[in-house]
Amino acid sequence: LHDFIAGLLVDEGFTAYCDPTLPREPPVLLPQVDPAACDLRTERLNPDDCGEEEMLATFDTAVPTTIRFVNRTYEPYNVYWLDEQGVRRFYGSVVPRSEGNPVPTFVTQPWVVTSGGACVGIYMPTERDGRVFFPIGSY
């Protein structure tokens, strides 16, 4: 039944408890549900390889969407968008242990995320509002 309902709500399944294993400081005795991971109106974006950056640029601004950056680490991340020539344009920093506001963007506008000056991922928005989670791969 769980899989059937999940298939009705989203293209891919979801975890019934969203993410009770989310690391907490200090540790808590009961599992905590992360509301960001439970929002079925948004899509978790996975990173593309940083080696693709030199081939990417914003090429069309016809389809608007949003992207949101969620930092669950104790390290800051810098966020850039790539302009029509593929040049990084600094958008801002995602401070540790925070969730930023939705950022207006387009489905063809690549976003580059760096830590300590090094690229950690490139994200392409989709038509569905997207979320990027740090550390990479967390949810």
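The structure we're discussing is the one just above.
Presented here is a report on the structure given in the accompanying data block. (Residues numbered from 1 in each chain as written. Predicted model: local features only at pLDDT ≥ 70, side-chain atom pairs only at ≥ 80, totals over all residues. Heavy atoms only, no water.)

Some words on the state of the cysteines
Counted only if it meets this: Pairs of cysteine sulfur atoms within 2.5 Å are identified as disulfides in what follows. Secondary structure elements are taken from DSSP: a helix is a run of H or I of four residues or more, a strand is a run of E of two residues or more, and numbering for both begins at the N terminus.
The tally for this structure, following the rule as stated, stands at 1 disulfide. A sulfur-sulfur separation of 2.0 Å characterises the disulfide bridge that pairs C50 with C119. Sign of the S-S torsion, about -80° for the bond between C50 and C119, identifies this disulfide as left-handed. With C50 in the loop between β1 (43-44) and β2 (64-71) and C119 in strand β8 (residues 118-123), the pair connects residues that are 69 residues apart, well separated along the chain.

Considering the sheet that holds strand β4 (residues 88-94)
To keep it simple, the criterion reads: Two strands are counted as paired when DSSP detects at least two bridges linking them. Whenever a helix is involved, its axis is fitted only over the stretch in contact; in every case the axis is a line through C-alpha atoms, and angles between N-to-C directions fall within 0 to 180 degrees.
Taken together, 4 strands build an open sheet; the order of strands is β4-β3-β7-β8 and the sheet is antiparallel. Lying at the two open borders of the sheet, with one neighbouring strand each, are β4 and β8. Adjacent strand axes in the sheet meet at a mean angle of 30°, parallel and antiparallel pairs treated alike. As paired strands, strand β7 (residues 111-115) and β8 are joined by 5 bridges and run antiparallel to one another. Paired with T114 across the bridge in β8 is C119.

Re the packing of aromatic side chains
Counted only if it meets this: Ring pairs are drawn from Phe, Tyr and Trp, using the six-membered ring of Trp, whenever the two centres fall within 6.5 Å, and their geometry is named by plane angle: stacked under 30 degrees, edge-to-face over 60, tilted for the rest. Relative accessibility under 20% of the residue-type maximum defines a buried residue, over 50% an exposed one, and the middle range a partly exposed one, all with a 1.4 Å probe and only protein chains included. In our convention, an over-ring charge means Lys NZ or Arg CZ found within 6 Å of a ring centre and within 35 degrees of that ring's normal.
A complete count under the given rule lists 4 aromatic pairs for this structure. Ring geometry for Y77 against F134: centres 4.1 Å apart, planes inclined by 15°, an arrangement best described as stacked. Of this pair, Y77 sits in strand β3 (residues 77-82) while F134 sits in strand β9 (residues 130-134), and the two are 57 residues apart along the sequence. In this structure Y77 comes out as buried when scored by relative accessible area, which is 9%. F134 gets classed as buried once you look at its relative accessible area, which sits at 0%. Every member of this aromatic cluster is reached through a ring pair, and the members are F69, Y91 and W111. The lysine or arginine in question, R88, covers the ring of Y80, its NZ or CZ lying 5.3 Å from the ring centre.

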